[in-house]
Amino acid sequence: MSIIEIIVLALIQGFTEFLPISSSAHLILPSQILGWEDQGLAFDVAVHVGTLIAVVIYFRKEVSSILSAWFKSFGAQGSTDDSKLGWWIILGTIPAAILGLLLKDMIELYLRSAWVIAVTTIIFGLLLWYADAKGKQIKTIYQLNWKTALIIGLAQAVAMIPGTSRSGITMTAGLMLGMNKQSAARFSFLLAIPIISMMGLYYTVELALGDHLVDWSTLLLGVVLSFLSAYVCIYMFLKVIERMGMLPFVIYRLLLGVGLIVFLTL
């Protein structure tokens, strides 16, 4: 990988992982459109580690409170709002974890194409617009229950299809279930922590067991750039949706999808 490719791909991962526009789609597109070679497993691990560090540090207080309450719930303290939220995050992670293991190879073989990305970008962009416009947006993150957490978790599993957007579809589900924008976004980001951790662990094991050459300077640069861009992205996104809602991201998705279709048909 050239230095330009490293910078571009790391920044793409960081800026798009938590926006409702699909990071997987944006990472696939350079190879589809520009003819860049696949960035490789080691680089995938690095940029996912960077985004994981960013979301954990940004939500460090929430993560600490949830973990503490969850462990204490097994003792005399019993159940609290934070411990319940911990259980809902676990429950919401299960569908994607199971389907990820079962369908990973099939999706990579048949669905990693610019045409799939173009179609899913448009379809799920319109769903995001509908949820933002029609959702009641009255529930907070602490008003989740096991049913709503499971529905959002099932939505997260659908995000395995490139172009869907993990954060986009979980926020869409949250908004449709009556959550306000901040709560839908925060639950989506907290839900990202275990799923990105599992992805990172899976890729790390695959990397360790395989015969892969590792360029540590490239990996370090990927971690740093994806961390910085992801942290800035989370901060700015939570500010933007409070004032402008999801519409800017819906418009971007529609333009991207239509642009891809035009490009592919020329």
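Structure shown above.
Computed from a predicted model, the values in this text were never measured in an experiment.

J.: I'd like to hear about the overall build of the chain, residue by residue, with values.
T.: From N to C terminus, the chain includes eleven helices and zero strands. Scanning the chain from its N terminus toward the C terminus, one meets helices and strands in the order α-α-α-α-α-α-α-α-α-α-α. Relative to the 2.2 N^0.38 estimate, which gives 18 Å for 266 residues, the radius of gyration of the chain is 18 Å and therefore close to what a compact globule would have. Taking the principal axes of its C-alpha atoms as reference, the chain extends roughly 55 × 40 × 35 Å. Across the 266 residues in the chain, those meeting the buried criterion constitute 50%. Within the chain, counting contacts between residues at least 6 apart in sequence, those at least 24 apart form 82% of the total. Accessible area of the chain: about 13100 Å², with a carbon and sulfur share of 70%. Taking the average place of the 16 positive charges on the side chains of the chain and the average place of its 15 negative ones, the gap between the two points comes to 18 Å.

J.: Can you lay out the packing of helix α6 (residues 114-134) against helix α8 (residues 166-176) for me, pointing to particular residues and giving the numbers?
T.: Two elements in contact, α6 and α8, have axes separated by 8 Å at closest approach and are oriented at 30°. Relative to α8, α6 is oriented roughly parallel. Of the two elements, α6 crosses α8, and the hand of that crossing is left-handed. On the side of α6, the interface is formed by Phe124, Leu127, Leu128, Tyr130, Ala131 and Asp132, while α8 contributes Gly168, Ile169, Thr172, Leu175 and Met176. Classifying every residue of the contact of α6 with α8 gives eight nonpolar, two polar and one charged.

J.: Summarise the layout of surface pockets; cite the residues concerned and give the values.
T.: In this structure, the second largest pocket occupies an estimated 270 Å³ of space. Contributing to the lining of the second largest pocket are Val63, Ile66, Leu67, Trp70, Phe71, Gly86, Ile89, Ile90, Thr93, Leu190, Ile193 and Pro194. Secondary-structure elements contributing two or more residues to the lining of the second largest pocket are α4 (60-72), α5 (81-110) and α9 (181-209). A total of five residues in the lining of the second largest pocket trace back to one element, the largest contributor, which is α4. A per-class count over the lining of the second largest pocket returns ten nonpolar, two polar and no charged.

J.: How would you explain helix α11 (residues 247-265) if you had to name every residue and give the values?
T.: With 19 residues, α11 extends 27 Å from end C-alpha to end C-alpha; this agrees with the ideal 27 Å at 1.5 Å per step. Along α11, the positions that sit buried rather than exposed are Phe249, Val250, Arg253, Leu256, Gly257 and Leu260. Mapping the buried residues of α11 onto a view down its axis gives an arc of 130°, with all of them on the same face. More than 90 degrees from the buried face of α11, the exposed residues found are Leu255 and Thr265.

J.: Please set out the side chain of Thr148 residue by residue, giving values where relevant.
T.: As for its placement among the helices and strands, Thr148 is situated in helix α7 (residues 146-158). For Thr148, a relative accessible area of 9% corresponds to the buried category.

J.: So what's going on with the packing of aromatic side chains? Residues and values would help.
T.: The description of two aromatic rings rests on the distance between their centres and on the angle between their planes. In the structure shown here, the tally under the stated rule is eleven aromatic pairs. For the pair Tyr58 and Phe59, a centre-to-centre distance of 5.0 Å together with 70° between the ring planes defines the contact as edge-to-face. The pair Tyr58 / Phe59 is uniform in exposure class, with both members buried.

About the criteria used
Residues numbered from 1 in each chain as written. Predicted model: local features only at pLDDT ≥ 70, side-chain atom pairs only at ≥ 80, totals over all residues. Heavy atoms only, no water. Helix = DSSP H or I, 4+ residues; strand = E, 2+ residues; numbered from the N terminus. Rg over C-alpha atoms; globule rule 2.2 N^0.38 Å. Buried < 20%, exposed > 50% of the residue type's maximum accessible area, 1.4 Å probe, protein only. Contact = heavy atoms within 4.5 Å. Areas by Shrake-Rupley, 256 points an atom, 1.4 Å probe, with all protein chains shown as cover. Lys, Arg positive; Asp, Glu negative; His and termini not counted. Charge placed at Lys NZ, Arg CZ, Asp CG, Glu CD. Axes fitted to C-alpha atoms, helices over the stretch in contact; angles between N-to-C directions. Parallel < 35°, antiparallel > 145°, perpendicular 65-115°, else oblique. Left-handed = near helix turned anticlockwise from the far one by under 90°. Nonpolar A, V, L, I, M, F, W, Y, C, P; charged D, E, K, R; others polar. 1 Å grid on protein atoms, 1.4 Å probe; cavity = no way out; pocket = protein on both sides within 12 Å on 5 of 7 lines; lining within 4 Å. Points joined across faces, edges and corners; volume = space filled by probe spheres on them. Expected span 1.5 Å × (residues − 1). Arc of directions from axis to C-beta. Phe/Tyr/Trp six-rings, centres within 6.5 Å; stacked < 30°, edge-to-face > 60°.

Read these as layout, nothing more, since geometry by itself doesn't imply function.
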